[in-house]
Amino acid sequence: MPNFVVHKQIIKHREVVDDDWSVLRLVEGETPETVEVPEGKFIVPLTVWQAQRETLSQRAAIGVWLAPDEPAAAIKDDLQRFGVIAVDFPKFSDGRGYSTAFNLRKRLAYTGELRAIGDVLRDQLWPLSRVGFDAFATRQDRSIIDALKGLTVFSETYQASVDQPLPLFRRAPRGTPPELTDVGAGI
């Protein structure tokens, strides 16, 4: 049984594109130290990167993925080495990856591809994009074309985030209506 997942297509920069990366997952009996990472573009678990850093850092293209309980700071010294950083969502209801993405973008200034993987559904795409994700490997049992529509559900945001640093009240023109500024209006 192969220990990697290949998505034929992903959503990247709001378009459906062919994916040339594979996600390595450890299977029973494998350890981060002993798993063989095949040649090619692989996104490996953080534990594999940490165990095989010296060997994997020699590759032209390598990515890393973080589990929900692994902090973004764990890779802060290696950010420039990765062609992609992925954050795993093992189940739809686990939202810890949102904070990981925010920290990668805002606190660690990561500018490369940031991909959501795992149980990623249409309803998550808009809020995931707001915290810095620009690529999405959606669940393979769902339509990727339908999922793409999740990025255009809303046209405006109220809160500040990675995609819009100012809240709406700071962006919208505000002022007193002209009829209330006339001193002679008996106000």
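Attention here is on the structure that accompanies the text. Numbers given to residues run from 1 along each chain, matching the order in which its sequence is written. Selection of residues for local features in this predicted model requires a pLDDT of at least 70, selection of side-chain atom pairs for listing and counting requires 80 or more, and totals for whole chains, interfaces and linings are taken over all residues. Note that the side-chain values use all heavy atoms of the structure and ignore hydrogens as well as water.

This brings us to the nonpolar core. Grouped burial of nonpolar side chains is what soluble globular proteins tend to show. Grouping buried Ala, Val, Leu, Ile, Met, Phe, Trp, Tyr and Cys residues that are joined through side-chain atoms within 4.5 Å yields what is termed a nonpolar core. Burial classification: accessible surface area is computed with a 1.4 Å probe over protein chains only, and a residue below 20% of its type maximum counts as buried, one above 50% as exposed, and the rest as partly exposed. In terms of nonpolar packing, the biggest core is built from 34 residues, with Val44, Ile75, Ile85, Leu104 and Phe133 touching the most fellow members. When sequence neighbours within four positions are dropped, the list of residues in contact with Leu104 reads Leu66, Ala72, Ile75, Leu79, Ile85, Ala109, Tyr110 and Leu114. Counting 11 residues, the second-largest nonpolar core is a separate cluster that includes Trp21, Ala86, Ile117 and Ala137. Note on contacts: a residue pair is in contact if any heavy atoms of the two residues lie within 4.5 Å.

Each reported salt bridge corresponds to a side-chain nitrogen of Lys or Arg within 4 Å of a carboxyl oxygen of Asp or Glu. Under the definition given, this model contains 15 salt bridges. Here Asp78 ties to Arg53 by a salt bridge, and the two come within 2.4 Å at their closest N and O atoms. You can see Asp78 sitting in the loop between strand E6 (62–66) and strand E7 (84–89) and its partner Arg53 sitting in helix H2 (residues 53–56), a full 25 residues away along the chain. The exposure class of Asp78 is buried, given its relative accessible area of 6%. A relative accessible area of 34% places Arg53 in the partly exposed class. Here the salt bridges share partners, and the residues they tie into one network are Lys12, Asp19, Glu113 and Arg115. Helix and strand definitions here come from DSSP, where helices need a minimum of 4 consecutive H or I residues and strands a minimum of 2 consecutive E residues; each element is numbered from the N-terminal end.

Looking now at the packing of aromatic side chains. Ring pairs shown here join Phe, Tyr and Trp side chains whose ring centres sit within 6.5 Å, with only the six-membered ring taken for Trp; geometry is labelled stacked below 30 degrees between planes, edge-to-face above 60, and tilted in between. Within the structure shown, the criterion is met by 4 aromatic pairs. Between the aromatic rings of Trp49 and Phe82, the centroid separation amounts to 4.9 Å while the plane-to-plane angle is 75°, which identifies the pairing as edge-to-face. Remark: Phe82 occurs in the loop between E6 and E7 and Trp49 occurs in helix H1 (residues 46–51); sequence separation between them is 33 residues. Residue class for Phe82 comes out buried when judged on its relative accessible area of 6%. A network of ring pairs unites the aromatic residues Phe89, Tyr98 and Phe133 as a single cluster. Two conditions define a charge located above a ring, namely a distance within 6 Å from the ring centre to NZ of Lys or CZ of Arg, and an angle within 35 degrees of the ring normal. For Arg25, the ring lying beneath its charged end belongs to Trp65, and the centroid distance is 4.6 Å.

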